[in-house]
Amino acid sequence: NEEFGGLDVALVGITADDVFAPAFVRSVQTATQELKDLPQLNHVLSLTNVIDYTADREKGGVAVGPLVAHTPKTDAQQAALRQKVLSKDHIVGNLVSADGNAVLIYCYLAYKADPKTVASQIRTTVKQHFPDERVYWGGSPFVSTYIYNTTQDDLKRLTPWAVFAIILILLISFRDVVGTGLVLMTTCIGIVLVLGTMAFFGVPF
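Overview of the structure. (Residues numbered from 1 in each chain as written. Predicted model: local features only at pLDDT ≥ 70, side-chain atom pairs only at ≥ 80, totals over all residues. Heavy atoms only, no water.)

**What about the sheet that holds strand E2 (residues 41–45)?**
Alright, step 1. Reading across the sheet, the four strands line up as E2-E5-E1-E6 and stay open at both edges, with antiparallel pairing between neighbours. The open sheet has two edge strands, E2 and strand E6 (135–139), and neither has a second partner. Strand-to-strand twist in this sheet, taken as the mean axis angle between neighbours without regard to direction, amounts to 20°.
Alright, step 2. Of the pairings in the sheet, the one linking strand E1 (residues 9–15) to strand E5 (residues 102–109) comprises seven bridges and is antiparallel in character. Residue Val9 lies in a different strand from E5, and its bridge partner there is Tyr108.
Alright, step 3. The strands that helix H4 (residues 140–174) touches are E1, E5 and E6; relative to E6, the one it contacts most, it runs at about 90°. (Pairing = 2+ DSSP bridges. Helix = DSSP H or I, 4+ residues; strand = E, 2+ residues; numbered from the N terminus. Axes fitted to C-alpha atoms, helices over the stretch in contact; angles between N-to-C directions. Contact = heavy atoms within 4.5 Å.)

**Points about the pattern of salt bridges**
Alright, step 1. Counting across every chain of the model gives three salt bridges.
Alright, step 2. A salt bridge links Arg82 to Asp18, with the shortest nitrogen-to-oxygen separation between them at 2.8 Å. With Arg82 in helix H2 (residues 75–86) and Asp18 in the loop between E1 and helix H1 (22–36), the pair connects residues that are 64 residues apart, well separated along the chain.
Alright, step 3. By relative accessible area, which is 27% here, Arg82 ends up partly exposed. (Salt bridge = Lys/Arg side-chain N within 4 Å of Asp/Glu carboxyl O. Buried < 20%, exposed > 50% of the residue type's maximum accessible area, 1.4 Å probe, protein only.)

**Brief notes about the nonpolar core**
Alright, step 1. Ile14, Leu35, Leu41, Leu47 and Ile122 are the most contacted members of the largest nonpolar core, which totals 37 residues.
Alright, step 2. Elements supplying a minimum of two residues to this core: E1, H1, E2, H2, E5 and helix H3 (115–129).
Alright, step 3. The residues touching Leu47, leaving out its near neighbours within four places in the chain, are Phe20, Leu67, Val68, Val85, Ile91, Leu95, Val96 and Val103. (Core = buried A, V, L, I, M, F, W, Y, C linked by side-chain atoms within 4.5 Å.)

**Brief notes about the packing of H3 against H4**
Alright, step 1. The contact between H3 and H4 brings their axes to 9 Å, and the two run at 110°. By the angle between their directions, the pair H3 and H4 is classed as roughly perpendicular. When H3 is examined against H4, the residues Pro115, Lys116, Ala119, Ile122 and Arg123 are found in contact with a partner set consisting of Pro141, Phe142, Ser144, Thr145, Tyr148 and Asn149.
Alright, step 2. Considering only residue class, the contact of H3 with H4 consists of six nonpolar, three polar and two charged. (Parallel < 35°, antiparallel > 145°, perpendicular 65-115°, else oblique. Nonpolar A, V, L, I, M, F, W, Y, C, P; charged D, E, K, R; others polar.)

**Overview of H1**
Alright, step 1. Compared with the 21 Å implied by 1.5 Å per residue over 15 residues, the 21 Å span of H1 between its first and last C-alpha is a close match.
Alright, step 2. Those residues of H1 not exposed but buried are Phe24, Val25, Ser27, Val28, Ala31, Thr32 and Leu35. Along H1, the residues classed as buried sweep out an arc of 160° about the axis, all on the same side.
Alright, step 3. In this structure, the buried residues of H1 make contact with E1, E2, H2, E5 and H3. (Expected span 1.5 Å × (residues − 1). Arc of directions from axis to C-beta.)

**Description of the environment of Lys116**
Alright, step 1. Examined against the element boundaries, Lys116 turns out to sit in helix H3.
Alright, step 2. In sequence terms Lys116 and Asn149 are 33 residues apart; their C-alpha atoms lie 9.4 Å from each other.
Alright, step 3. Beyond its immediate stretch of four places on either side in the chain, Lys116 contacts Thr145, Tyr148 and Asn149.

Given below as structure tokens:
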């Protein structure tokens, strides 16, 4: 992962009535470029920047270029783009749906990128360009962020009850306020030392 990247991938699925409509293609193109500019992303792959390989009938060999070279401006260009993209077996089902109603954007995180931060940046960027479309979030950065947020919400609700239960059990066990206070004090000191040491050495919580 350090040498080549690519272990952590965020997936963004976007649905539309027609993903080959000029406005939608422009939005995908702009969003892809802005996502590529995020410092914590190593690479971004979408329908608008994937490379296409075709036979060069004039000079022979293989011609290399972007699959979507230009945004369609007319109905004829839109139909031609649809036919061209949907004829590519390696594109259909990976970057665009077979019915042409959904696209998928792959966001490859850089080495040691913070998943929570990157997931938030991706959401913000995508929502700016697709405010009305239905967007789906997948991949390890979004999953880990969901787990983190859910855990934090649970802790906010459960921590007061847990503290109350611990203090009550200690009071019943020791039957002494001073003894209970000493036990709680040593526990707090241990927690503060561990968290302080983690912060000093830059270890993420």
